[in-house]
Amino acid sequence: MSEYRPDLVKSPGRFFVVADDENYRRDDPLPYREILEVVRASNNKEESGLQWEELRKVVDDNQSPLYLLKFTARSHGHAAGLARRAHSIIRYSMLRDG
């Protein structure tokens, strides 16, 4: 039996998040951001650049107001949560400041 030890610690990494803010209404008390895709960026700088460009083309070609964002996170779910939280903070400050 081989000595296999799973890595239980999730190392932070860069994630690309594609988000859709089309459902946002100025009078909505709970700003909402729909997360369409989360991709862990490659550790290879060239591959990471290609991933970014591919996602950028998808965002640019779409009719909806999509956003391509970068986050440092521990998992796909963590990156999606950070994207939603950032959106909420921005929208709440817009509502507060009028």
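Above: the structure in question.
Being a predicted model, the structure only gives us computed values, none of them experimental. (Residues numbered from 1 in each chain as written. Predicted model: local features only at pLDDT ≥ 70, side-chain atom pairs only at ≥ 80, totals over all residues. Heavy atoms only, no water.)

Participant: I'd like to hear about the overall build of the protein chain, residue by residue, with values.
Facilitator: Regarding its fold elements, the protein chain presents two helices and three strands. In the protein chain, the succession of helices and strands from N to C terminus is β-β-α-β-α. When the 98 residues of the protein chain are sorted by exposure, 32% land in the buried category. Sequence separation of 24 or more characterises 68% of the internal contacts of the protein chain that already satisfy a separation of 6 or more. Within the structure as shown, the protein chain displays about 7300 Å² of accessible surface, and the carbon and sulfur contribution to it stands at 51%. (Helix = DSSP H or I, 4+ residues; strand = E, 2+ residues; numbered from the N terminus. Buried < 20%, exposed > 50% of the residue type's maximum accessible area, 1.4 Å probe, protein only. Contact = heavy atoms within 4.5 Å. Areas by Shrake-Rupley, 256 points an atom, 1.4 Å probe, with all protein chains shown as cover.)

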